[in-house]
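# Observations on the model geometry
Each chain is listed here by its residues.
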Amino acid sequence: MSLGTNKQPIVTVSRRGADRIRTGHAWVYRSDVVEAKDVPPGALVTVQEEAAFRPKQLSDKSVRPMRARVLGSALYSTASEIAVRMISPRPVSDLEQLVRERIRVAVAYRERVVENTNAYRVIFSEGDFLPGLIVDRYNDLLSVQIVTQAMDSETLRAVIVSELREALNPAAMIERVDPRVRKLEQLAEKESGAIFGEKASTEFQMNGVRFVYEALGGQKTGAFLDQRENYAAAAQYARGEVLDVFCYQGGFGLHLAEKCSKVTGVDSSRPALELAERNAVLNSREIEWIEANAFDLLRDYADAGRQYDCVALDPPAFAKSRAALPKALRGYKELNLRALKMLRPGGILVTCSCSYHVSVADLLGTVTAAGVDSHRNLRLLENRGAANDHPNVLGIQETSYLKCLIVIVS
Ligand code: SAH
């Protein structure tokens, strides 16, 4: 590997940053960037490790000065704390070609691992070695999110659009913009809208359950596609009366409705519940939707002695940072404790956490403690993660974030 062959800018990283790359991670934080002189936003760069030490006897011709070690190619951000996102351990000269190939590989991977649905994540950023690009398919619509300077370039945008069009032939492609993320990445302001095509709403199915999807407009929707396989797993065990807590548009509840006698969904968001009801109608199901704060409702229901045969808990990420972990775990404990108190013997608890900072061991520990406090015996039926269209890259811990435990209570 030689440095001089292509004229790419060079980013020098510290030993700590280099070690991170050597363990299989893709990111180097700005604090581990030693030098990045005149590197433009979003540039394709060559990453090298800073020389470990300079021999004192540099004048001694018998001692060769250490040469910087090249670690590979990366995409650079001048704004993000994640300054470097590796894309290859080898030198990359044709970025457009690399992105084209990776999109094709990502599409082919889904053909192998995705079943029983026409809605799935087609590209999952680092999970598909395409950092900064997220693409979801909802039947004939594609929803695209671009969150880094590199992926936002005109040339890569054109590659992304043409390659996805060719591979999946969608009726329309819609870009979903999070203004906060664009601002943090110092990208020009932009609104969500169609990249091409007129169509902005459709219907999709997963595991035989139908859902409405509206990409734009008042009630923007989107599903938690990462839970798709967990819905099907939960449906294997559930029966009787179900409480779907943090139900959003009804993912768990709608899946459980086929086998269960009564389903109640709880969420604090009215627009989410309105969509949930539209989904229920689409599937000819009668589900009770309650707009409430889940913590209050669980406390009131548990105090009132209500009983269920299955409770699903799928709260939003409580721990947005490591510092927030202890408080988050108290929140999970409270929810699980109240849910366990309401479960009849033989009942099923489906309990999830999508906080990256909460490890599977943390969640298991919290649920175990809630079992002890509620004097229930818990047996673990399944210890699950995100669906396979959200690839979990070993070495990039952040790609493993969703936990879903299915527990039988006695
Ligand atoms: N189970 C859902 C996803 C849940 S996402 C699915 O499979 O599709 C988390 C949901 O929690 C969001 O819909 C959000 O509106 C809701 N939420 C957040 N805080 C809440 C609270 N305190 N009480 C009730 N719902 C809440």
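Residues numbered from 1 in each chain as written. Predicted model: local features only at pLDDT ≥ 70, side-chain atom pairs only at ≥ 80, totals over all residues. Heavy atoms only, no water.

To continue, consider the site of the ligand. Near the ligand, the surroundings consist of 13 residues, among which Tyr 231, Phe 246, Asp 267, Ala 294 and Asp 314 are the closest. Backbone polar atom of Ser 268 to a nitrogen atom of the ligand: 3.1 Å apart, as the coordinates give it. Contacts to the ligand include Asp 314, whose side-chain N or O atom sits 2.7 Å from a nitrogen atom. Protein chains bury 84% of the 580 Å² of accessible surface belonging to the ligand in isolation. Grouping the amino acids of the shell around the ligand by side-chain chemistry returns 8 nonpolar, 3 polar and 2 charged. (Near = heavy atom within 4 Å. Polar contact = N/O pair within 3.5 Å; in protein donor to acceptor, adjacent residues only side chain to side chain. Areas by Shrake-Rupley, 256 points an atom, 1.4 Å probe, with all protein chains shown as cover. Nonpolar A, V, L, I, M, F, W, Y, C, P; charged D, E, K, R; others polar.)

In this structure, Phe 204, Phe 252, Leu 256, Trp 289, Cys 310, Val 350 and Ile 406 are the most contacted members of the largest nonpolar core, which totals 37 residues. Among the elements that take part in this core, helix α5 (residues 228–237) stands out by supplying 4 residues, more than any other. If sequence neighbours within four positions are ignored, Leu 256 has contacts with Ala 234, Ala 235, Ala 238, Val 242, Val 263 and Cys 310. Counting 31 residues, the second largest nonpolar core, distinct from the first, contains Val 266, Leu 298, Leu 337 and Leu 343. (Core = buried A, V, L, I, M, F, W, Y, C linked by side-chain atoms within 4.5 Å. Buried < 20%, exposed > 50% of the residue type's maximum accessible area, 1.4 Å probe, protein only. Helix = DSSP H or I, 4+ residues; strand = E, 2+ residues; numbered from the N terminus. Contact = heavy atoms within 4.5 Å.)

The buried fraction of strand β7 (residues 119–124) is high, at 6 of 6 residues. Where β7 and strand β8 (residues 133–138) come together, 5 bridges link them in antiparallel fashion. Along β8, the bridge assignment pairs Ile 123 with Val 135. (Pairing = 2+ DSSP bridges.)

On to the packing of helix α8 (residues 294–303) against helix α9 (residues 325–342). It is the contact of α8 with α9, at a shortest axis distance of 9 Å, that shows an interaxial angle of 30 degrees. Relative to α9, α8 is oriented so that their crossing is left-handed. Across the interface between the two elements, Phe 295, Leu 298, Arg 299, Tyr 301 and Ala 302 of α8 pack against Gly 331, Glu 334, Leu 335, Arg 338 and Met 342 of α9. Of the residues that constitute the contact of α8 with α9, the class distribution is 6 nonpolar, 1 polar and 3 charged. (Axes fitted to C-alpha atoms, helices over the stretch in contact; angles between N-to-C directions. Left-handed = near helix turned anticlockwise from the far one by under 90°.)

Looking now at helix α2 (residues 95–113). Between its first and last C-alpha atoms α2 spans 27 Å; for 19 residues at 1.5 Å apiece the expected length is 27 Å, and the two agree. Residues of α2 that are buried include every one of Leu 95, Leu 98, Val 99, Arg 102, Ile 103, Ala 106, Val 107 and Arg 110, and no others. On the buried face of α2, the contacting elements are β4 (44–49), β5 (69–76), β6 (82–88), β7 and α3 (154–168). Residue Asp 94 occupies the N-cap position of α2, its side-chain oxygen lying 3.4 Å from the main-chain nitrogen of Glu 96. (Expected span 1.5 Å × (residues − 1).)

Moving on, we come to the pattern of salt bridges. Going through the model one piece at a time under the given rule, you end up with 28 salt bridges. Arg 16 is the salt-bridge partner of Asp 32, the closest N and O atoms lying 3.0 Å from each other. Remark: Arg 16 occurs in helix α1 (residues 15–22) and Asp 32 occurs in the loop between β2 (27–29) and β3 (33–35); sequence separation between them is 16 residues. A salt bridge links Arg 338 to Glu 334, with the shortest nitrogen-to-oxygen separation between them at 3.4 Å. Highlighted residues: Arg 338 and Glu 334, both in helix α9, separated by 4 residues, approximately one helical turn. Looking at Arg 338, the relative accessible area reads 18%, which means it is buried. Judged by its relative accessible area of 30%, Glu 334 is partly exposed. Linked through salt bridges whose partners overlap, the residues forming this network are Arg 15, Asp 19, Arg 22, Glu 49 and Arg 69. (Salt bridge = Lys/Arg side-chain N within 4 Å of Asp/Glu carboxyl O.)

Summed over all chains, the structure comprises 9 aromatic pairs. Between Tyr 231 and Phe 252 the ring centres are 4.7 Å apart and the planes differ by 90 degrees, which places this aromatic pair in the edge-to-face class. With Tyr 231 in helix α5 and Phe 252 in helix α6 (residues 251–256), this residue pair connects regions lying 21 residues apart in the sequence. Given a relative accessible area of 3%, Phe 252 falls into the buried group. Judged by centre distance (4.9 Å) and plane angle (50 degrees), the rings of Phe 318 and Tyr 332 are tilted. Within this pair, whereas Phe 318 is found in the loop between β17 (308–313) and α9, its partner Tyr 332 is found in helix α9, the two being separated by 14 residues in sequence. By relative accessible area, Tyr 332 is classed as buried at 1%. Site record: aromatic cluster; members linked through ring pairs are Tyr 138, Phe 204, Phe 211 and Tyr 213. Here the basic side chain of Arg 165 rests over the ring of Phe 196, its NZ or CZ set 3.7 Å away from the ring centre. Stacked on the ring of Tyr 301, the Lys or Arg Arg 306 has its end atom at 3.9 Å from the ring centre. (Phe/Tyr/Trp six-rings, centres within 6.5 Å; stacked < 30°, edge-to-face > 60°. Lys NZ or Arg CZ within 6 Å of the ring centre and 35° of its normal.)

Another point: the sheet that holds β8. Taken together, the 5 strands give an open sheet; going across it, the order is β7-β8-β9-β10-β11, and neighbouring strands pair in mixed fashion. Strands at the two margins of the open sheet, each flanked by one partner only, are β7 and β11 (193–196). On average, each strand axis in the sheet is inclined to that of its neighbour by 25 degrees, with strand direction left out of account.

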